[in-house]
Amino acid sequence: MKVYALVPARSGSRGLPDKNILQIDGHPLLAYAIAFGLALKVDKVILSTDSPRYAEIGRRYGAVCPCLRSAQASSDTAMEEDILADISRTFPQYGIEMPDIWIRLKPTNPFRQPLSVREGLDRMQSPDPPDSVRIVSPEDSRLWRINDAGFLEPAVPDWDPNRSVMRRTEFPASYSPFNLDIFFHRNWERWGSGYMGRRIFPVVDHPITGFDINGRDDFDIVRSIIEARPRADVVSRYLIDPVALQ
């Protein structure tokens, strides 16, 4: 099967402008996603972006980016299915066929492990494959929300109303699903926005894989972790350093 890694890197971030190319340890953030895709030895690492500057940076680190993303696929409301539609429409014009399997690598999740992705790919290429695979990380289920009156109340039905504190083990295990996705291209062709399908196989990985950069504080924390010397062992295991092509 033909496998592509997809690095979506829009330039219009409002919370942290140009976050996808901010420097961490001498490399732009999106380069870490590209480096991980290259380490997987997939057929291609595709960069989808609306920025000529981002495209140039991506190519320098080894990604394929033959053209820029359309305005429709670059808007604030654009979703992954819009990006896939844009790629499917434009890339064949440059001689790039669509893959059987996509691996979606968000630049804002820099911590990943190839072993987990290879486990997912093995599942996808098994005799009875799932619709898709998600690399997930453990999360705390004990969530609360602020109600209309401005007070806290449990956001989950498992909280005993007669108790102020409950143990994590008294709740069902929960997982963050936004770390990394592996799915068939045909899923998008069949189901559009439901491209992950219903039979989603989980590969549970370390909590560090769930760290997502949304704003300046997140970015500064991740930068501090990556640039620390000596690096913590968990960082070394879950980070692949980029190498710019000459």
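Remember, predicted model here, so these are calculated numbers, not experimental data. (Residues numbered from 1 in each chain as written. Predicted model: local features only at pLDDT ≥ 70, side-chain atom pairs only at ≥ 80, totals over all residues. Heavy atoms only, no water.)

S.K.: Help me understand the sheet that holds strand β5 (residues 101–104) in this model?
M.R.: One open sheet accounts for 6 strands, arranged β4-β1-β5-β9-β6-β10; its pairing is mixed. Bordering the open sheet on either side are β4 (44–48) and β10 (200–204), each of which pairs with just one other strand. Geometrically, the sheet is characterised by an average inter-axis angle of 30° between neighbouring strands, direction not taken into account. Of the pairings in the sheet, the one linking β5 to strand β9 (residues 174–184) comprises 4 bridges and is antiparallel in character. Within β9, the residue paired with W102 across the bridge is F183. Where helix α4 (residues 114–124) meets the sheet, it contacts β1 (3–8), β5, β6 (132–139), β9 and β10, and its direction lies at approximately 55° from that of β9. (Pairing = 2+ DSSP bridges. Helix = DSSP H or I, 4+ residues; strand = E, 2+ residues; numbered from the N terminus. Axes fitted to C-alpha atoms, helices over the stretch in contact; angles between N-to-C directions. Contact = heavy atoms within 4.5 Å.)

S.K.: Which parts of the structure should I look at to understand the packing of aromatic side chains?
M.R.: Aromatic ring pairs are described here by two measures, namely the spacing of the ring centres and the angle between the planes. Overall, the coordinates contain 4 aromatic pairs when judged by the stated rule. Pairing W144 with W159 gives two aromatic rings, centres 4.9 Å apart and planes at 85°, and the pair type is edge-to-face. Taken together, the positions of W144 in strand β7 (residues 144–146) and W159 in the loop between β8 (152–154) and β9 put the pair 15 residues apart, joining distant regions of the chain. Residue W159 is classed as buried on the basis of its relative accessible area, which comes to 11%. When the centroid spacing of 4.7 Å and the interplanar angle of 50° are considered together, the rings of F183 and Y195 count as tilted. Placement of F183 in strand β9 and of Y195 in the loop between α5 (185–191) and β10 is noted, with a sequence separation of 12 residues between them. A cation over an aromatic ring shows up here: R112 above the ring of F36, its NZ or CZ 5.7 Å from the ring centre. (Phe/Tyr/Trp six-rings, centres within 6.5 Å; stacked < 30°, edge-to-face > 60°. Buried < 20%, exposed > 50% of the residue type's maximum accessible area, 1.4 Å probe, protein only. Lys NZ or Arg CZ within 6 Å of the ring centre and 35° of its normal.)

S.K.: Looking at this structure, I do not really get the environment of Q113. What am I missing?
M.R.: Mapping Q113 onto the fold places it in the loop between β5 and α4. Sequence spacing of Q113 and D205 is 92 residues, and the spatial spacing of their C-alpha atoms is 8.4 Å. Apart from residues lying up to four places away in sequence, Q113 is in contact with F36, D205, R237 and Y238. A polar atom in the side chain of Q113 sits 3.4 Å from the side chain of Y238. (Polar contact = N/O pair within 3.5 Å; in protein donor to acceptor, adjacent residues only side chain to side chain.)

S.K.: It is not clear to me how the nonpolar core should be interpreted in this structure. Could you clarify?
M.R.: What tends to happen in soluble globular proteins is that the nonpolar side chains get buried as a cluster. I103, L105, V117, L180 and I182 are the most contacted members of the largest nonpolar core, which totals 32 residues. Of all the elements, helix α1 (residues 29–39) adds the most residues to this core, at 5 residues. Residues within four places of V117 in sequence aside, it is in contact with F36, L40, I103, I135, L180 and I182. (Core = buried A, V, L, I, M, F, W, Y, C linked by side-chain atoms within 4.5 Å.)

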